[in-house]
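Each chain is listed here by its residues.
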There are 2 protein chains.
Amino acid sequence: YKVARETGMSRRVNTVMQTCFFALSGVLPKDEAIAAIKQAIRKSYGKRGETVVQQNFAAVDQALAHLYEVHVPALATSHTLLRTPVAPAAPGFVQEVTAMMIAGRGDELPVSAMPPGGTFPLGTAQWEKRNLALEIPVWDPERCIQCGKCVLVCPHAAIREKVYPTPALEGAPETFKSAPARWRAFAGDLYTLQTAPEDCTGCALCFEACPVVSKSDPARRAINLAPQPPLRESESANFDFFLQLPEVDRTKLNLSLVKDSQLCQPLFEFSGACSGCGETPYLKLLTQLFGDHVVIANATGCSSIFGGNLPTTPWAHNRDGRGPAWANSLFEDNAEFGLGFRLSIDHQAAYARDLLARLRSELDDALVDGLLGAGQATDAGIQAQRARVRELKAALQRSDLPVARELLSVADALVKRSVWLVGGDGWAYDIGYGGLDHVLASGANVNVLVLDTEVYSNTGGQMSKATPRGAVTRFAAGGKALPKKDLALLAMTYGHIYVARVAMGANDSQTIRTFLEAEAYDGPSLIIAYAHCIEHGLDLRLGLGQQKNAVASGYWPLFRYNPALAQQGKNPFTLDSKAPSIPLAQYAYAEDRYKMLVQRDRAEAGRLMELAQRDVENRWRQYQDLAQFFAATSHANGKADGKLAP
Amino acid sequence: YKVARETGMSRRVNTVMQTCFFALSGVLPKDEAIAAIKQAIRKSYGKRGETVVQQNFAAVDQALAHLYEVHVPALATSHTLLRTPVAPAAPGFVQEVTAMMIAGRGDELPVSAMPPGGTFPLGTAQWEKRNLALEIPVWDPERCIQCGKCVLVCPHAAIREKVYPTPALEGAPETFKSAPARWRAFAGDLYTLQTAPEDCTGCALCFEACPVVSKSDPARRAINLAPQPPLRESESANFDFFLQLPEVDRTKLNLSLVKDSQLCQPLFEFSGACSGCGETPYLKLLTQLFGDHVVIANATGCSSIFGGNLPTTPWAHNRDGRGPAWANSLFEDNAEFGLGFRLSIDHQAAYARDLLARLRSELDDALVDGLLGAGQATDAGIQAQRARVRELKAALQRSDLPVARELLSVADALVKRSVWLVGGDGWAYDIGYGGLDHVLASGANVNVLVLDTEVYSNTGGQMSKATPRGAVTRFAAGGKALPKKDLALLAMTYGHIYVARVAMGANDSQTIRTFLEAEAYDGPSLIIAYAHCIEHGLDLRLGLGQQKNAVASGYWPLFRYNPALAQQGKNPFTLDSKAPSIPLAQYAYAEDRYKMLVQRDRAEAGRLMELAQRDVENRWRQYQDLAQFFAATSHANGKADGKLAP
């Protein structure tokens, strides 16, 4: 790692390790091996430019220069025991099944150890301590303004915040830090920002997101990176203590604020996604906002892999056992799969309401009215309905009527459940688009989150219809000739679909507002989320800044189209970003996917960049025109639209 | 038929025939049977309104009143022979295979009688004389202005026009009519408009399309309907004579004129589509314009059934043996299927050009240059290239080089071939939309013709995403709640796709111009064609007028979006129809699909019609805004776009 860092390779040690292997193994004569490595470097990285080649060459030379022998004693003298695959505190299933798979002994498991129906318990990624980070964030309580931005962007839910009453601090480990909470609603309480040291991957997005830059030392912020090993033990204990602190009272929060939203427990944690992943923060946010009543259909792709990567899953549940119900069907049918969730949930709810009406004479009138008339738009509303359902179930338990037994089996359906369809651009723009269009057109109340990396990320970077003009990908080795498909505009042509484009790194408040509006809209919603990705050829640590530039260049205009506003005679369309202020090239040439073409064919790269710049300008004019058009015509449509009943 | 006509049932004889059957068969006591029939009528047609019920009741009563006995002699005395399944002039395959199937004896055919590979010969529907028409059009040469509109709209290619030199008239049957040709290019020639009496289905669209209304008798036009039986024999002879007249010299035509385009031989004739079908005139036009070099991928649906309805096919060839190559794969993959045609044709052409370059030293330089540099945008250009390919083949035949043999096998690929993807709205809006989107987005040079009946016509009228708000269909028994998907707008969001909406009955010139522009555009084209349909609950004779009203109400705005113009810095968007001038209800309530809902639920019908009217107004505003937007911004884009190379 030291050699890699000093030769400009950052954290990429593959060249260093390869050199060591050939220098020591004797597979080839050393000089011949080194020459072959350098030849391979030129072949693999030549198109990325001479700088990259020279960095790799330097890594080879410096690896050889730093190679030294480690003497292994004949007898082990250490008293450190080999770690068990999972901690002793893990639940039975994790100990008996998951741990066996983690240890690479899954083949020894009998079929009977597998959960019937293939349903796996949630929240198991927490047991798979990977200890990947060389450096982890360390909180500076004095400097911190408690904005929550670092918590929001963390791809692994490995940095968290809580407010809690002072007495809860009792029994805290010695190094556990806290500060007075900066919330009016929690005046007098304490606040802690805590890292999960063994789950953090060291991507540094939290540091990059921190808005508090030290005046005396611009390299320091309110969280700073420090080597993990010396902190591992103490911070692990601190994190354990942090976890057992009480969760926040959600009814006191204003969820549209980043600061408040990040006090909510994430129910998506410690995924196996790439360090610095641009997709996972959106999923985590989804669980913070709606996690205890959400059902998720996940298209095949990165998110289905890191979402259900046997033996563990990052999808988790809260202390009440509530969390997202998650499943992955296929690549091509995810929208239909999720629509099925919606239809069956609605059907169960309708059946429960029907049975409830039939049982009215047997039950308390106020309870029945409460259950049937419940407003569940807020957390408080949902909590109240859950309390009523508990009361109902207790009453039903006392009845022998068959109808009561039947209602007991579906009573939970009286509590709101949201359906989210999640997937990448390969699904939404390409392989699943026919079905997605059908589901959106149906008018059904489902929410769609597209994690747009603009390429088939999980299969190694093939072009999708979301790939931008001029980017080099597999199947577009000469740079994509045609512009990116405008999925948002396509969806907006329907008029009855909530449509938004977001980029958390550019405008986190707009992202959160969008999630809340999509959830609230009683019809189909589509959120297209910019997700930086290793396939872009970018140091992911710079992902948030790159998202800012995507928006500043006009490449990724932020907006929301809310049909609910049109139904009230208001302008449904809001452009949330400003006119382009930097050239597209400034954004694009920070990424290898664009730079590669300059290396290979400067003239063609220039031609495509000029066209891409024109795409941006045309798109911006079009969106501006849309904004004006909707502003001018929205008054004419001030009536309830013909929505399909659920 | 007389009873049906006189009781207002038009040509629908089912009620009359049913009554006769029960009156005679003795299956039930007559009075009981009649009561049951009337009850069934009320049940079946009640929702269409009391008028329809009373018409059917009258048909029952009048059928009984007109029932009389026909005495069948003990011995046959007629000398008329039973017609053979096909005429003796039919070619061998039709005699040996097709005729057997027509006669209902297909099971007797050995497998060896089937064409290897499943490829069937073209132009076989002509042998299946169906003699469906009670009345056929009769031409009035004096009154006719030779506009060609009747020829254009004929769904069965059963009325045709030709210009020819006077000497060609020699040997004409006595009743064969002609008039001086009204074309400057054909001054001194003769003109004939001829009906195919045994292929005509009597739909009367030709009569409805005729613009020449007699001043003395408004019921008479330049073509008029007359009973078929007395005319059958003489007009059959006339049609045979007409067919052998020379075909027009296409290089003298201005194909953008209806008048000229209809002089071209249709290569789609006598299909088994419904009498008065709104789809087939578009297909016929396609073959008149491009038939000798077109390859068609046909999605499953009405057009695949009437297009490849064993034992015969309406797809035909000209005297040179050239005609559309046609195939139907599946419902869902037609766009991909057609893209495959394009890719393989382009690949063959590139291979042929490559071989040609390698053989240059063996061939005449001027010939090679001509072949490689051929402009094939016009009929003349294609004809010239065909002549060059003939010359090339002759030269190659004289060579023993393996490369020459190889080129011989692909030389035909040097002649232009156009690829058209054809299907209904069930394919394009729903089941095949994902693939259609992908193919359009690819930038490949294919042309897509959507025959939009706004419903799954062939399977009996299920809702598609093309179904308009308020229409009653299967799966939308309460009237469709959401508006029609705007496929044209969706496609236009890409920018590089030629997109047009046409309605032949409203503006035939615009339809023809659109076909020519789509064919000329070197990229994907999408034409969405309004097709009236029996599923609309409309007397198809009124189909053309209904198309006019669809446009006049603003429900079906006509427009063309041509990216080729944008590339030249011109405005790519042309609105070809005027602002709405009649209320939507005036158009819609001419059709049972809308009227049915009024009958069933007047309030809901009113609500949906109000919303649908608003849809129309919003759509119109949106298209107007688009027109203004493109007019204002097109100057900024005056450069060649980044089209994908073929």
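Residues numbered from 1 in each chain as written. Chains lettered and ligands numbered in written order. Predicted model: local features only at pLDDT ≥ 70, side-chain atom pairs only at ≥ 80, totals over all residues. Heavy atoms only, no water.

S.K.: Can you tell me about the overall build of chain A, naming the residues and giving the values?
M.R.: Looking only at helices and strands, chain A features 24 helices and 13 strands. Taken over C-alpha atoms, the radius of gyration comes to 27 Å for chain A, in line with the 26 Å a tight globule of 646 residues would show. Principal axes of the C-alpha set define a box for chain A whose edges measure 90 × 65 × 55 Å. Put simply, of all contacts in chain A between residues at least 6 apart along the chain, 73% involve residues at least 24 apart. Taken as a whole, chain A presents about 27,900 Å² of accessible surface, with 55% of it coming from carbon and sulfur. Charged side chains in chain A number 66 positive and 67 negative. The centres of these two groups are separated by 4 Å. (Helix = DSSP H or I, 4+ residues; strand = E, 2+ residues; numbered from the N terminus. Rg over C-alpha atoms; globule rule 2.2 N^0.38 Å. Contact = heavy atoms within 4.5 Å. Areas by Shrake-Rupley, 256 points an atom, 1.4 Å probe, with all protein chains shown as cover. Lys, Arg positive; Asp, Glu negative; His and termini not counted. Charge placed at Lys NZ, Arg CZ, Asp CG, Glu CD.)

S.K.: Quick one: what's the story with the environment of E6 of chain A, residue by residue and with numbers?
M.R.: Residues and elements named next belong to chain A. Take E6: it is sitting in helix α1 (residues 2-6). Residue class for E6 comes out exposed when judged on its relative accessible area of 53%. Taking C-alpha positions, E6 is 8.5 Å from A59, a pair spaced 53 residues apart along the chain. (Buried < 20%, exposed > 50% of the residue type's maximum accessible area, 1.4 Å probe, protein only.)

S.K.: Please give an account of the relation of the copies chain B and chain A that cites residues and values.
M.R.: When chain B is brought onto chain A, the operation consists of a screw motion whose angular component is 179° and whose axial shift is 0.0 Å, with 0.2 Å RMSD remaining. This pairing of chains is accounted for by a two-fold axis. Among all C-alpha atoms of chain B, that of G434 of chain B lies closest to the rotation axis, at 1.9 Å. Most of the interface of chain B is mirrored in chain A, where 100% of its interface residues are also at the interface. (Least-squares fit on C-alpha atoms with pLDDT ≥ 70 in both.)

S.K.: Please provide a residue-by-residue account of the pattern of salt bridges, values included.
M.R.: Applying the stated rule across the entire model yields 62 salt bridges over all chains. For D369 of chain B, the salt bridge identified is with R360 of chain B, shortest N-O distance 2.9 Å. By relative accessible area, D369 of chain B is classed as partly exposed at 43%. Here E591 of chain B makes a salt bridge to R593 of chain B, at a shortest N to O gap of 2.6 Å. The pair formed by E591 of chain B and R593 of chain B is uniform in burial state, with each residue classed as buried. Here the salt bridges share partners, and the residues they tie into one network are D452, E454, K484, E591 and R593 of chain A. (Salt bridge = Lys/Arg side-chain N within 4 Å of Asp/Glu carboxyl O.)

S.K.: Lay out the sheet that holds strand β6 (residues 294-298) of chain B in plain terms, naming residues and giving numbers.
M.R.: Residue and element names in this part refer to chain B. If you trace the eight strands from one edge of the open sheet to the other, you get β7-β6-β8-β9-β11-β10-β12-β13, paired in mixed fashion. Each edge of the open sheet carries a strand with a single partner, namely β7 (325-327) and β13 (573-575). Looking at each pair of strands side by side, their axes are set apart by 15° on average, direction ignored. Across the sheet, helix α10 (residues 280-290) touches β6, β8 (418-424), β9 (447-452), β10 (498-502) and β11 (525-530), and the angle it forms with β9 is around 155°. (Pairing = 2+ DSSP bridges. Axes fitted to C-alpha atoms, helices over the stretch in contact; angles between N-to-C directions.)

S.K.: Describe the interface of chain B and chain A, listing the residues and the values that go with them.
M.R.: Across the contact, 36 residues belong to chain B and 36 residues belong to chain A. Both sides of the chain B and chain A interface together cover about 3,300 Å² of buried area, and 57% of this is carbon and sulfur. Note that K485 of chain B and D437 of chain A form a salt bridge whose closest N and O atoms lie 2.5 Å from each other. At the junction of chain B with chain A, the criterion picks out six residue pairs in polar contact (both at pLDDT 80 or more). Of all the secondary structure elements, the ones that give two or more residues to the side of chain B that touches chain A are α16 (425-431), α17 (433-442), α18 (487-492) and α24 (602-633) of chain B. Split into classes, the residues belonging to the side of chain B that touches chain A amount to 13 nonpolar, 11 polar and 12 charged. (Buried area = accessible area lost by both parts, 1.4 Å probe. Polar contact = N/O pair within 3.5 Å; in protein donor to acceptor, adjacent residues only side chain to side chain. Nonpolar A, V, L, I, M, F, W, Y, C, P; charged D, E, K, R; others polar.)

S.K.: So what about helix α20 (residues 543-552) of chain A? Which residues, and what values?
M.R.: Residue and element names in this part refer to chain A. Among the residues of α20, G543, L544, Q546, Q547, A550 and V551 are the ones counted as buried. The buried side chains of α20 occupy one side of the element, clustering within an arc of 160° when seen end-on. On its buried face, α20 is in contact with α6 (149-153), α7 (205-209), α10 (280-290), β11 (525-530) and α22 (584-588). Positioned one or two residues after α20, G554 has a phi angle of 85°, which is positive. (Arc of directions from axis to C-beta.)

S.K.: Requested: an account of the packing of aromatic side chains, with residues and values cited.
M.R.: Under the definition given, this model contains 51 aromatic pairs over all chains. The interplanar angle of 10° and the centroid separation of 6.2 Å between the aromatic rings of F239 of chain B and F242 of chain B together place this pair among those described as stacked. With a gap of three residues between them, F239 of chain B and F242 of chain B both fall in helix α8 (residues 229-244), about one helical turn apart. Owing to a relative accessible area of 1%, F242 of chain B belongs among the buried residues under this scheme. Judged by centre distance (6.4 Å) and plane angle (65°), the rings of Y587 of chain B and Y594 of chain B are edge-to-face. Ring pairs connect the aromatic residues F559, Y561, F573, Y623, F629 and F630 of chain A, which therefore count as one cluster. Cation over ring: K259 of chain A sits above W183 of chain A, and NZ or CZ is 3.9 Å from the ring centre. Across the ring face of Y433 of chain B, the terminal group of K485 of chain B is positioned such that the distance to the ring centre comes to 3.2 Å. (Phe/Tyr/Trp six-rings, centres within 6.5 Å; stacked < 30°, edge-to-face > 60°. Lys NZ or Arg CZ within 6 Å of the ring centre and 35° of its normal.)

S.K.: Can you explain the sheet that holds strand β3 (residues 179-180) of chain A? Please cite residues and give values.
M.R.: Residue and element names in this part refer to chain A. The three strands lie next to each other as β2-β4-β3, forming an open sheet whose pairing is antiparallel. In this open sheet, the two edge strands, each paired with only one partner strand, are β2 (159-164) and β3. Pairing between β2 and strand β4 (residues 190-195): six bridges, direction antiparallel. Directly across from E161, in β4, lies its bridge partner L193.

S.K.: Just give me the short version of the side chain of T7 of chain A, but keep the residues and values in it.
M.R.: All names here are of chain A. By secondary structure assignment, the location of T7 is in the loop between α1 and α2 (14-25). A polar contact is formed between the side chain of T7 and the backbone oxygen of V3, at a distance of 2.8 Å. Residues in contact with T7, not counting those within four places in the same chain, are Q55, A58, A59 and Q62.

S.K.: Can you explain unusual backbone geometry? Please cite residues and give values.
M.R.: All names here are of chain A. Of note, the amide linkage connecting L310 to P311 takes the cis form, showing an omega dihedral of 10°. If you trace the backbone, P311 turns up in the loop between α11 (302-307) and β7 (325-327). Backbone geometry at Q146 places phi at a positive 60°, although glycine is not the residue there. If you trace the backbone, Q146 turns up in the loop between β1 (135-139) and α6.

S.K.: Describe helix α12 (residues 334-358) of chain B, listing the residues and the values that go with them.
M.R.: Here α12 of chain B is 25 residues long and its end C-alpha atoms lie 36 Å apart, about the 36 Å a rise of 1.5 Å per residue gives. Considered for burial, the residues of α12 of chain B that qualify are N334, A335, G338, L339, F341, R342, I345, A349, A352, L355 and L356 of chain B. (Expected span 1.5 Å × (residues − 1).)

S.K.: Lay out the packing of helix α13 (residues 365-373) of chain B against helix α14 (residues 379-397) of chain B with the relevant residues and their values.
M.R.: Residue and element names in this part refer to chain B. For the pair α13 and α14, interaxial distance at closest approach is 10 Å and the crossing angle is 135°. With respect to α14, the axis of α13 lies oblique. As for the relative orientation of α13 and α14, their crossing is left-handed in sense. On the side of α13, the interface is formed by L367, G370 and L371, while α14 contributes Q385, R388, V389, E391 and L392. Grouping the amino acids of the contact of α13 with α14 by side-chain chemistry returns four nonpolar, two polar and two charged. (Parallel < 35°, antiparallel > 145°, perpendicular 65-115°, else oblique. Left-handed = near helix turned anticlockwise from the far one by under 90°.)

S.K.: Run through a nonpolar patch on the surface, naming residues and quoting values.
M.R.: Judged by side-chain polarity, F21, V27 and L28 of chain A come together as a nonpolar surface patch covering roughly 270 Å² of accessible area. Along the chain, L28 of chain A turns up in the loop between α2 and α3 (30-45). (Patch = residues over 30% accessible without salt bridge, like charges linked within 9 Å, V, L, I, M, F, W, Y side chains within 5 Å.)

S.K.: Talk me through the nonpolar core; I want residue IDs and the actual numbers.
M.R.: L449 of chain A together with L449 of chain B are the most contacted members of the largest nonpolar core, which totals 255 residues. Apart from residues no more than four positions distant in its own chain, L449 of chain B is found in contact with Y282, L283, L286, W420, L421, V422, G423, W427, F515, I527 and A529 of chain B. Within the second largest apolar cluster, 20 residues are counted, among which are L356, L359, L396 and L407 of chain A. (Core = buried A, V, L, I, M, F, W, Y, C linked by side-chain atoms within 4.5 Å.)

S.K.: Let's hear about the environment of A477 of chain B: which residues, and what values?
M.R.: All names here are of chain B. The topology assignment puts A477 in the loop between β9 and α18. Residue classification places A477 among the partly exposed positions, given a relative accessible area of 46%. Considered as a pair, A477 and P115 are 362 residues apart in the sequence and their alpha carbons are 45 Å apart. Contact partners of A477, with chain neighbours within four places excluded, come to V472, L597 and R600.

S.K.: Describe the pairing of β11 of chain B, naming the residues involved and giving the relevant values.
M.R.: All names here are of chain B. Where burial is concerned, most of β11 is hidden: six out of the six residues are buried. Here β11 shows no split at all, with S525, I527 and A529 on one side and L526, I528 and Y530 on the other all buried. Taken together, the six bridges between β9 and β11 define a ladder with parallel strand orientation. Bridge pairing links L451 to A529 in β11. The sheet contact formed by β10 and β11 spans five bridges and is parallel. Paired with Y498 across the two strands is S525, which belongs to β11. Handedness of the crossover joining β10 and β11 through helix α19 (residues 508-520) is recorded here as right-handed. (Right-handed = clockwise from strand over helix to strand, strands pointing away.)

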